[in-house]
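Architecture and fold: a report
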Amino acid sequence: MANARELALQTLTDILIEGAYSNHALSEQIEKNELTVQDKNFMTELVYGTLQHEQLLNFYVTPFFKGKVKAWIRILIQMTLYQILFLDSVPEHAAISEAVTIAKKRGGQFNGKLVNAILREIMRTPLPSFETIKDQEERLAIETSHPLWLIKLWSKQYGYEKAVQMAKANNERVHVTIRVNGVKGTREELKQKLESEGITCTYGSLSEDALVVLKGNVIQTKAFEQGWFYVQDESSMLVGRALKPKHHSKVLDTCSAPGGKTTHLAEIMRQTGTVYAHDVYDHKIKLIEANVNRLGLTNVVATLQDAMTLNERYEAESFDAILVDAPCSGLGILRRHPEVKLTKKPSDLDEITSIQKQILNTVAPLLKPGGTLVYSTCTVNRKENDKMIEQFLGQHSDYELDSTLVKRLPDALSDQTQHGMVQLFPGDYQTDGFFIACLKRQG
Ligand SMILES: C[S@@+](CC[C@H](N)C(=O)[O-])C[C@H]1O[C@@H](n2cnc3c(N)ncnc32)[C@H](O)[C@@H]1O
């Protein structure tokens, strides 16, 4: 049987040194190794917990490193400190002794002794107080393990209190949420089916399509195999409802892999009409097709195409509805992808806004007059969200915001939905941070 801590360390080095995505790196190790359910859960906790608090752990451990220390040793010490500070179930002596064993196995006696000495010195010394950090944004950044530039950006754009809310929410554990495939049956029927397979779930708090999984692995159920649901955050489920294509519509989904919203649109159209789904990466088209097939949908055509050239493929005014679920900075999904806090740079934000602008400009003429275009992102950054739409409207006088959006969203969001746009913040409703704008082309 493999050792959960050792595998967690390997996963963390893959993510932090090799730049792997947390979800991919973790599932790869879990699939490759024989582990009990308990060990899988522990390993997942260690990987996500250490990533979520990486900057805080770094703040604590850095004073104890004298000279250059190997990257894996730093990560091992951070991971061990995470267990001691955040996990009640792990006694300090057990965490340290396991770390020393791993260090010896991986790097010999010398490294075992080094890890032992550093960890024992850390534990002998009182933790530094945050009160010594006078600037409130700097303090929040360290305390909640977010890059300072991001805390400053959120404070400036949404206010300091909102930045605090988001930073804290990003460190909370998330439940898996799933969207019922309306073509197969109702949410109530799905809940019963899953319960009969030993899964505990409850209704989502926002989306009429959502179930929140409280216990059990839904991916290993028959209901999953039979295409009864799609794993998706509740915020993303609002997009299909926002666009609400009529039956028999011709819909364009410009950036669709792995197909979460494509399949929802196809379900809402109840197997009528066609969703033309595109993405710029070939391997991702296969992911869309796999999801469409598993869900048993027959009204999706998935093809490789750069959204910035869709005007070469389709005539003007060809579509009843268009979805631009744009590539974005992903600052709304840090709960699920904490490594993004470590890898994203402010310059990435400018690059992505330029792509979003080009995609919107390219597809704007493809919508029929009277048709609806929804633009969405999983980020919390005004330049990619409301400011992007303002700019688009400034250049496209044939488009206007659709204020009826509020009627297609849950009542809970009626105050937040202003003039056809809504921004969800992490911590509002236990969803990702997400933005939706709904536009109409004048007819
Ligand atoms: C936010 S994700 C889409 C998620 C998808 N709509 C869903 O609900 O499952 C953005 C997607 O845009 C794709 N993408 C990035 N640049 C693109 C481009 N120039 N043209 C088309 N797709 C692009 C990415 O490969 C990625 O799959």
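Look up a bit, the structure's there.
Read on for an overview of the structure. Because the structure is predicted, anything quoted here is derived from the model rather than measured.

Calculation notes
Residues numbered from 1 in each chain as written. Predicted model: local features only at pLDDT ≥ 70, side-chain atom pairs only at ≥ 80, totals over all residues. Heavy atoms only, no water. Helix = DSSP H or I, 4+ residues; strand = E, 2+ residues; numbered from the N terminus. Rg over C-alpha atoms; globule rule 2.2 N^0.38 Å. Buried < 20%, exposed > 50% of the residue type's maximum accessible area, 1.4 Å probe, protein only. Contact = heavy atoms within 4.5 Å. Areas by Shrake-Rupley, 256 points an atom, 1.4 Å probe, with all protein chains shown as cover. Near = heavy atom within 4 Å. Polar contact = N/O pair within 3.5 Å; in protein donor to acceptor, adjacent residues only side chain to side chain. Nonpolar A, V, L, I, M, F, W, Y, C, P; charged D, E, K, R; others polar. Phe/Tyr/Trp six-rings, centres within 6.5 Å; stacked < 30°, edge-to-face > 60°. 1 Å grid on protein atoms, 1.4 Å probe; cavity = no way out; pocket = protein on both sides within 12 Å on 5 of 7 lines; lining within 4 Å. Points joined across faces, edges and corners; volume = space filled by probe spheres on them.

1. Considering the overall build of the chain
- Secondary structure summary: the chain contains 19 helices and 12 strands in total.
- For 443 residues, the compact-globule estimate of 2.2 N^0.38 gives 22 Å, and the C-alpha radius of gyration of the chain, at 24 Å, lies within 12% of that figure.
- Across the 443 residues that make up the chain, the buried fraction comes to 53%.
- Across the chain, contacts joining residues at least 24 apart in sequence account for 72% of those joining residues at least 6 apart.
- Of the roughly 19900 Å² that the chain leaves accessible, carbon and sulfur atoms contribute 50%.

2. Re the site of the ligand
- Every one of the 19 residues lining the ligand counts as a neighbour, but G260, D279, D306, A307 and D325 are closest to it.
- At 3.0 Å from an oxygen atom of the ligand is found a side-chain nitrogen or oxygen belonging to K284.
- Separating a nitrogen atom of the ligand from a side-chain N or O atom of D325 is a distance of 2.7 Å.
- Coverage of the ligand by the protein chains reaches 86% of its 600 Å² of free accessible surface.
- Here the residues of the shell around the ligand are counted per class, giving 9 nonpolar, 5 polar and 5 charged.

3. So, the packing of aromatic side chains
- Enumeration over the complete set of coordinates arrives at 11 aromatic pairs.
- Summarising the aromatic geometry, the rings of Y276 and Y314 are spaced 6.0 Å apart at their centres and angled 70° between planes, so their arrangement reads as edge-to-face. Taken together, the residues Y276 in strand β6 (residues 274–279) and Y314 in the loop between α15 (310–313) and β8 (319–325) connect sequence positions 38 residues apart.
- Here the aromatic residues F59, Y60 and F130 are joined through ring pairs into a cluster of three or more.

4. Comments concerning empty space enclosed by the protein
- Summed over all chains, the structure comprises 1 cavity of 30 Å³ or more.
- In this model, the largest cavity occupies a volume close to 30 Å³.
- Around the largest cavity, the lining residues are K357, L360, N361, M388, Q391, F392 and Q395.
- Listed by contribution, the elements that provide at least two residues to the lining of the largest cavity are α17 (346–363) and α18 (386–395).
- When residues in the lining of the largest cavity are grouped by element, the largest group, 4 residues, is from α18.

5. Observations concerning the environment of P91
- Along the chain, P91 turns up in the loop between α5 (71–86) and α6 (92–124).
- Considering only alpha carbons, one finds P91 and A117, 26 residues apart in sequence, at a separation of 18 Å.

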